[in-house]
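Coordinate inspection notes
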Amino acid sequence: MNPEFRGDSDHHDGTSDATPGGYPAQRRPGELGFAIFLTIASLVLLYNAYGISGLGALSAPGSVPMATTFIMLVTAGMVTLRTARMPKVANETMANDILPLLIIIFIGFLVVFGLMLKPVGFAPTAALFLIVAIKVLARRGWGYTLLVALGSLIVIWLVFRVVFTVLLPAGIVPEAEFIQIFRNLLSGN
Amino acid sequence: METLLAIFTIFTQPQLLLLVGIGTFAGIYIGAIPGLSVTMAVSILISFTFSWDVYPAISLMVGIYMGGVYGGSRTAILLNIPGAPSAIATAMDGYPMAKRGEAGQAIGVTTVMSFFGGFIGILVLALAAPFVSDFALTFQPRDYMLLAILGILLVGSLSSGSLVKGIFAGAFGIAIGSVGRDPLTFTERLTFDLQIMQGGISFIAVMIGMFGVSEALLQLQNVDKVAVRQKISKIVPSFATMRKHLPLSLQTSTIGVIIGALPGTGGDIAALMAYDHAKRVTKNPERPFGEGAMEGLVAPETANNAAVGGAFIPMMTLGIPGDAVTAIMIGALFIHGLNPGPMLMIDQPDMFWFIVGALMTANVFMLIFGLTGIRIFTKIVEMPRSIIIPLIFLLSIVGAYAVNNAISDVYWMLGFGVLGFFMRHYGYPLGPVILGVILSRLLDDNWRRAIISEREDLGRFFEGIITSPLSLTLFTAVILIFVSQTPLWSAAKIRLFGKAST
């Protein structure tokens, strides 16, 4: 087993969890930019951490944040230098392998989801999201899309709202009344 | 006697038994379906079980953890796609066996061996943890601080990827954990004077973002991959096969427990090390490794399940997580008002014995579910990603929102999801971030306690480290990990691992 194994050579093959991607000796598109971004962000954080309590006592509230942000700055700087020296991966582009349009679209979907969640309510927002997402990903007919999206939404809603009693924004849906009806059904009234 | 009662609490309450069962069952599938991970599931579940009592919540999580570590092996054998990182080594000999039409046998051996390894791990947990926690009472604040640093460094260096990126990730995690008002002096830290940052960043939002959203975003790139189906024959392995592999499985279980018990390192590393060990000690395998050697299944599967029990040792005795999943469980215990550490073992020994009992039960459930229901299994695993991915997003949003009923947590989650997405692409490990977030408070508090008790004198602080054998050992370990990053060491590492790679 090669400990540097990163899945198949050009695409993430579905191995999940904390298995990092990237290649040990090559630089992927955007990798250098990301490293520079992290370095600058670390610098900003370090400056901010310095502002907490300055270089006073070792036990000051700012000492650990300063130490960690300093370590971040040093390591991010090292990564940037190393990355800059590496050759580029030959057959990868930003738009194909790192950040395809589909992913940008989905990040957009999620932002819109967050914006709509409170005013419109969970059920309609989630329904809209699932329908659009499954339609885009599965590229099947409307019947299939609606059936799968609404079917799974009902299961999720029942499980989380009723079993886990998670509070979700009701928005425009008269949720409390609906739950009462459901409870009445269950208790046989 | 009371101990026994606590272990068997689970059997006196059918509801808990049921939850462990459901958890294990769900865990097997979550572990098996590529793109769904145990870490993801447990972090989302924390917020859903928020309103529950602590026992049912822990029952469910323990079941998912145990089942999930095992479940990854199924897809590794059948599809050559490890469903979870702890099953990467399993695929190397499991898939060749499946190609020869021995998928059933491979699954059978894997299941029984996972059970065996899991059992050894739990046994060691039950026997060792009380001693460790007695010992832990003598720990000084500086020892806790060193242990926390050691844990973050270990996970950064032993998991794949460069140590520098691992250290960055760990430091980043600690920084995230220190955002908000300082608990001792109430000073604002890293808040940029923003209102929303004063309360700190919800660690659940960070976890769900890093492990749920970023994973789902990555999976969007292989939405169209289709699974290949395998024929499955006889499953329950013969007693002779089991007996033949008993010595090896004992050794690899031991490796699993030890790696699991080291702070930060879990089943994935244990499995790889055990596989390597099996290759070295097996003189005459029936088939060469990599072409369907039974030993190549026995070793990683015993080790990764043994690591589960091992990972609970530092978590229960020191409050320092053994791996990413136990890190999240510590978070869950915090939420339920418990503070894992030596005092928990003394004040509430029932809690510890309950977890031991729940692990045992989950292990038995795993054996039962593992040897049955293969046919449904192949159906469920073939569920298209075009449906799974939107559902993960939905659950992540619900999970992040549910803890504090705050939309801002949803945005934190999205932000960390996108960041985690890039970190995955560019080879930054995410495990250290979560460990850092969880350990931030412990590290900060203990550093300040230690340095205040030495009257702010660094010289006296180091003198304390050098004169205490425990602190000195921990300190040496931390230094060693740093040294391991020098070119000298990496040359040795290539000789060690390079030879083993196939």
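Every chain's residues receive numbers from 1 upward, in the order its sequence appears when written. Each chain gets a letter, beginning with A, and each ligand a number, beginning with 1, in the order they are written. With pLDDT at 70 or above as the cut-off, local features in this predicted model cover only qualifying residues; side-chain atom pairs require 80 or more to be listed or tallied, and sums for whole chains, interfaces and linings still use all residues.

1. Some points on the overall build of chain A
We count it as follows: A helix here means a DSSP run of H or I that spans at least four residues, while a strand means a run of E at least two residues long, and both kinds are numbered starting from the N terminus. The exposure label follows from counting other C-beta atoms within 10 Å of a residue's C-beta, where the C-beta atoms are placed from the backbone and the thresholds are 20 or more for buried and 12 or fewer for exposed, leaving partly exposed in between. Each residue is represented by a C-beta atom placed from its backbone, and any two residues with such atoms within 7 Å are regarded as in contact.
Regarding its fold elements, chain A presents 7 helices and 0 strands. Expressed as a percentage of its 189 residues, the buried residues of chain A come to 33%. For chain A, the proportion of contacts with a sequence separation of at least 24, taken over those separated by at least 6, is 59%.

2. Section: the overall build of chain B
The cut-off we apply is this: We compute the radius of gyration from the C-alpha atoms alone; for a globule the expected value is 2.2 Å times N to the 0.38, where N is the number of residues.
Scanning chain B from N- to C-terminus turns up 24 helices and 2 strands. Taking 2.2 N^0.38 as the reference for a compact globule, 502 residues should give roughly 23 Å; the C-alpha atoms of chain B span a radius of gyration of 22 Å, in line with that estimate. Reported as C-alpha extents along the three principal axes, the dimensions of chain B are approximately 70 × 55 × 50 Å. Evaluated residue by residue, chain B yields a buried proportion of 63% over its 502 residues.

3. Some thoughts on the UniProt feature "transmembrane region" (unreviewed entry) in chain A
Residues and elements named next belong to chain A. In plain terms, the rule: UniProt positions are given in the numbering used here, feature names are shortened, and annotations may be inferred rather than shown by experiment.
With numbering matched to this structure, UniProt assigns "transmembrane region" (unreviewed entry) to residues 32-50, 62-81, 93-115, 121-138 and 145-168. In this annotation, residues 32-50 is assigned 100% helix and 0% strand; the end-to-end C-alpha distance for the span is 27 Å. Here residues 121-138 runs as 94% helix and 0% strand, with 26 Å between its end C-alpha atoms.

4. Description of the interface of chain A and chain B
Just so we agree on the cut-off: Amino acids outside the nonpolar list (Ala, Val, Leu, Ile, Met, Phe, Trp, Tyr, Cys, Pro) and the charged list (Asp, Glu, Lys, Arg) are all regarded as polar, and Gly is one of them.
Counting from both sides, the interface comprises 68 residues of chain A and, opposite them, 83 residues of chain B. Of all the secondary-structure elements, those providing two or more residues to the side of chain A that touches chain B are α1 (31-53), α2 (63-85), α4 (101-120), α5 (122-138) and α6 (142-163) of chain A. Of the residues belonging to the side of chain A that touches chain B, the class tally is 43 nonpolar, 19 polar and 6 charged.

5. Looking at the packing of helix α15 (residues 324-335) of chain B against helix α21 (residues 431-453) of chain B
Residues and elements named next belong to chain B. What counts, and what does not: The axes are straight lines fitted to the C-alpha atoms, using for helices just the contacting stretch, and the angles between their N-to-C directions are given from 0 to 180°. Orientation is classified from the angle alone, with under 35 degrees giving roughly parallel, over 145 giving roughly antiparallel, 65 to 115 giving roughly perpendicular, and any other angle giving oblique. Each crossing gets its hand from how the near helix is turned against the far one by less than a right angle, where anticlockwise is left-handed and clockwise is right-handed.
The interhelical angle for the contact between α15 and α21, taken along N-to-C directions, is 25 degrees, at an axis separation of 9 Å. For the element pair α15 / α21, the angle class is roughly parallel. Classified by chirality, the crossing of α21 by α15 is left-handed. Seen from α15, the contacting residues are Ala324, Ala327, Ile330 and Gly331; seen from α21, they are Gly431, Ile434, Leu435 and Ile438.

6. Quick notes on the environment of Ala358(B)
All names here are of chain B. Position of Ala358 relative to the elements: it lies in helix α17 (residues 349-371). Placed 295 residues apart in sequence, Ala358 and Gly63 show a C-alpha to C-alpha distance of 7.6 Å. In this view, Ala358 contacts Ile10, Val20, Ile58, Ser59 and Val62; residues no more than four positions away in its chain are not counted.

7. Describing α5(A)
All names here are of chain A. Put simply, the test is: Between the first and last residue of a helix there are one fewer steps than residues, each counted as 1.5 Å, and that sum is the expected span. Throughout, the arc means that of the directions going from the helix axis to the C-beta atoms.
Taking 1.5 Å per residue, 17 residues should reach 24 Å; α5 reaches 23 Å between its end C-alpha atoms and fits that length. Along α5, the residues that are buried comprise Phe122, Ala123, Thr125, Ala126, Phe129, Leu130, Ala133, Ile134 and Leu137. Along the axis of α5, the buried residues cluster in a sector spanning 160 degrees; they form a single face. Of the residues trailing α5, Arg139 is marked for its positive phi of about 50 degrees.

8. Some words on the environment of Glu301(B)
Residues and elements named next belong to chain B. By the secondary structure assignment, Glu301 is in helix α14 (residues 295-318). Classification of Glu301 as buried rests on a count of 38 C-beta atoms within 10 Å. Beyond its immediate stretch of four places on either side in the chain, Glu301 contacts Ser73, Thr90, Thr110, Met113, Ser114 and Gly117.

9. Here we look at the packing of helix α6 (residues 88-99) of chain B against α14(B)
All names here are of chain B. Contact geometry for α6 and α14: axes closest at 8 Å, N-to-C directions at 160 degrees. Classified by the angle between their axes, α6 and α14 sit roughly antiparallel to one another. Two packed elements cross with a definite hand, and for α6 against α14 that hand is left-handed. Contacts between α6 and α14 involve Ala89, Thr90, Met92, Asp93 and Gly94 from the former and Gly296, Leu297, Pro300 and Glu301 from the latter. Broken down by class, the residue content of the contact of α6 with α14 amounts to 4 nonpolar, 3 polar and 2 charged.

10. Things to note about the nonpolar core
Worth spelling out the cut-off: For our purposes the nonpolar core covers buried Ala, Val, Leu, Ile, Met, Phe, Trp, Tyr and Cys residues that link as a set through C-beta atoms within 7 Å. These domain limits were set by an automatic method or by a database of domain assignments.
The biggest cluster of nonpolar side chains holds 216 residues, and the ones touching the most others in it are Val42(B) and Met61(B). Tallying contributions element by element places helix α7 (residues 103-136) of chain B first for this core, with 16 residues. Here this core spans two domains, since at least three of its residues come from each of domain 1 (1-97) and domain 2 (100-187) of chain A. Once residues within four sequence positions are removed from consideration, Met61(B) is found in contact with Gly23(B), Val42(B), Leu45(B), Met329(B) and Ala332(B).

11. Some words on unusual backbone geometry
With a phi close to 50 degrees, Arg139(A) is a non-glycine residue in the positive phi region. Residue position: Arg139(A) is located in the loop between α5 and α6. One non-glycine residue, Arg455(B), lies in positive phi territory at about 55 degrees. Secondary-structure assignment places Arg455(B) in the loop between α21 and α22 (458-467).

12. A few points about the confidence of the model for chain A
Operational definition: Residue-level confidence of the predictor, termed pLDDT, takes values from 0 up to 100.
Per-residue pLDDT for chain A averages 80, and the proportion of residues at 70 or more is 84%. In this model, residues 1-19 of chain A is a region of pLDDT below 50 whose contacts with residues beyond four sequence positions or in other chains number 56 contacts.

13. Considering the environment of Ser396(B)
All names here are of chain B. For Ser396, the location among the structural elements is in helix α19 (residues 385-404). Ser396 gets classed as buried once you count the C-beta atoms within 10 Å, which come to 28. The spatial distance from the C-alpha of Ser396 to the C-alpha of Ala358 is 26 Å, given a sequence separation of 38 residues. Ignoring anything within four residues of it in the chain, the contact list for Ser396 reads Ile44, Ile208, Gly212, Val213 and Met413.

14. Quick look at the confidence of the model for chain B
Mean pLDDT for chain B: 82, with 91% of residues reaching 70 or above. Scoring the predicted complex yields pTM 0.79 and, for the interface, ipTM 0.85.

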